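Understanding the architecture of this molecule
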Amino acid sequence: MKGIMELLLWGDQNNNEQFFQYFLEANILGCFAHILSQNTSKTVKIELIQTMSILLQNLGNETSIYYMYSNNRINNLITHHFDFNDDELLAYYIAFLKAVSLKLNKNTVQFFFNEPRGEKRIQGAPGGPMFDFPLYTEAIKFFKHPDKMIRIAVRTLTLNVYRIPDEDMRAFILHPSVPYFSNLAHFIHQSCVSLNQLAKSSSMNSCAKLGDALSEFSDWLFYLHDIFELGVDTLNQQLSNNLLESLVVPILFQWCGMETLEAPLEAHVNTAILALLVSVFLYGPLLTAISSTILTDRLPPAILSTYGPRHRVPTPLFSVSPAGSPGTPSPGRGSGSFGIITLPSAPHCNSAIPPSRQPSPAPSPAPATPLTSPAPAP
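Analysis parameters
Residues numbered from 1 in each chain as written. Predicted model: local features only at pLDDT ≥ 70, side-chain atom pairs only at ≥ 80, totals over all residues. Heavy atoms only, no water. Phe/Tyr/Trp six-rings, centres within 6.5 Å; stacked < 30°, edge-to-face > 60°. Buried < 20%, exposed > 50% of the residue type's maximum accessible area, 1.4 Å probe, protein only. Helix = DSSP H or I, 4+ residues; strand = E, 2+ residues; numbered from the N terminus. Lys NZ or Arg CZ within 6 Å of the ring centre and 35° of its normal. Axes fitted to C-alpha atoms, helices over the stretch in contact; angles between N-to-C directions. Parallel < 35°, antiparallel > 145°, perpendicular 65-115°, else oblique. Left-handed = near helix turned anticlockwise from the far one by under 90°. Contact = heavy atoms within 4.5 Å. Nonpolar A, V, L, I, M, F, W, Y, C, P; charged D, E, K, R; others polar. pLDDT = per-residue confidence, 0-100.

**Comments concerning the packing of aromatic side chains**
Under the criterion given, the structure shown has 21 aromatic pairs. Their ring planes at 50° and their centres at 6.3 Å tell us that Phe82 and Phe84 sit as a pair that is tilted. With a relative accessible area of 8%, Phe82 lands in the buried category. Measuring from centroid to centroid gives 6.1 Å for Trp220 and Tyr223, while their planes differ by 70°, and the two rings are edge-to-face. Remark: Tyr223 and Trp220 occur in helix α12 (residues 204-229); sequence separation between them is 3 residues, near one turn of the helix. As far as burial versus exposure is concerned, Trp220 and Tyr223 are alike and both buried. Following the ring pairs from residue to residue traces out a cluster consisting of Phe133, Tyr136, Phe143, Tyr162, Phe172, Tyr180, Phe181, Phe187, Trp220 and Tyr223. Above the ring of Tyr67, the side-chain terminus of Arg73 is found at 4.1 Å from the ring centroid. Its guanidinium or amino end placed over the ring of Trp220, Arg155 lies 4.0 Å from that ring's centre, counting from NZ or CZ.

**Focus on the packing of helix α14 (residues 267-280) against helix α15 (residues 284-296)**
The geometry of α14 relative to α15 is characterised by a closest axis approach of 10 Å and an angle of 135° between their N-to-C directions. One element, α14, and the other, α15, form an angle in the oblique class. Judged by the sense of rotation from one axis to the other, the crossing of α14 with α15 is left-handed. Across the interface between the two elements, Leu274, Leu277 and Val278 of α14 pack against Leu287, Ile290 and Ile294 of α15. Across the contact of α14 with α15, the residue classes break down as 6 nonpolar, no polar and no charged.

**Things to note about the packing of helix α1 (residues 2-13) against helix α2 (residues 18-25)**
Relative orientation of the contacting elements α1 and α2 amounts to 135°, with a least axis distance of 7 Å. As judged from the angle between their axes, α1 and α2 are oblique. Seen from α1, the contacting residues are Ile4, Leu7, Leu8, Trp10 and Gly11; seen from α2, they are Phe19, Phe20 and Phe23. The residue makeup of the contact of α1 with α2, split by class, is 7 nonpolar, 1 polar and no charged.

**Observations regarding the confidence of the model for the chain**
Across the chain, the average pLDDT comes to 77, with 76% of residues at or above 70. Taking the mean pLDDT of every element in the chain, the minimum, 33, falls on strand β2 (residues 340-342) and the maximum, 95, on helix α9 (residues 148-162). Across residues 117-129, where pLDDT falls below 50, the model places 25 contacts with residues more than four positions away in sequence or in other chains. The model gives residues 368-374 a pLDDT under 50, and that stretch makes 0 contacts with residues more than four places away or in other chains.

This is how it looks when you write it as structure tokens:
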């Protein structure tokens, strides 16, 4: 396989088409697929994946590239059932997917859709008939892999995909059956929780882990910033909505001192995360929501009305004070009384101020000295 690759690349670089013509006539790619279908060793599979990666990265002739991509040849290799428990094999596989994505453009992207027979492709409608895009769907399965190099390769691949100006492809990415953005936002929120747990610990080992976790968290934010900077409105709106729901709004609720369904973060962790969000993100709607809340201690009404019911602890219509409260009669046991029903004060959730920023109460005036009448003369 290595010799075949070297001959093909030599012919491509020296304008000698005879090597590639023989490659077509002998159906070498079909032979590669047959090798994979057998019970071959890991070494052979790695050699095959590496050969295909080098070929795709270095072929310059468009006709040759189109042939390699046509008839689902690459898709079949992408969807092959490899043993991904083997880290070495997985690393070569992800490098192969990344190499394929580097050759994507508005013409070649059409080769990577597996379209069901008898159905039309999506025409920008999220509810339309679906087709498969294995280059993307297989890669995002590893977006939170423990290996940092694999995570970086997946991010690079997704950015290469997002910048292709193809409406069908973008409709697929935004389809509810491909919830990558929502999973990504939820994962980053869980990273905040992990940061909070490490910040609570005072051990030296936790301090070292906290630095690594904070660096990784910053990498995720810069990756999101890169997506926003592509300037694709539909992707930006979807990603912004998912980030607001899963990450930003719960943090802003705590900043405003409002009770939420989420476990609160430490105050210094909450402040550090908000500082990172403001310093990294430049996307207008998201940055406006964060900065205006920080400056005014109030959530924007549109944000509160949209995301508030999903995160905030609901205010009860009435509260029940326990029996025996000061100033209330204490009925005997078994009397059936549940105490005094009191209506709450009018809630003003959007202007709640954290206790640390609440004004101290005005001192109560000193009691007046009682006037006494003069004693009667004898």
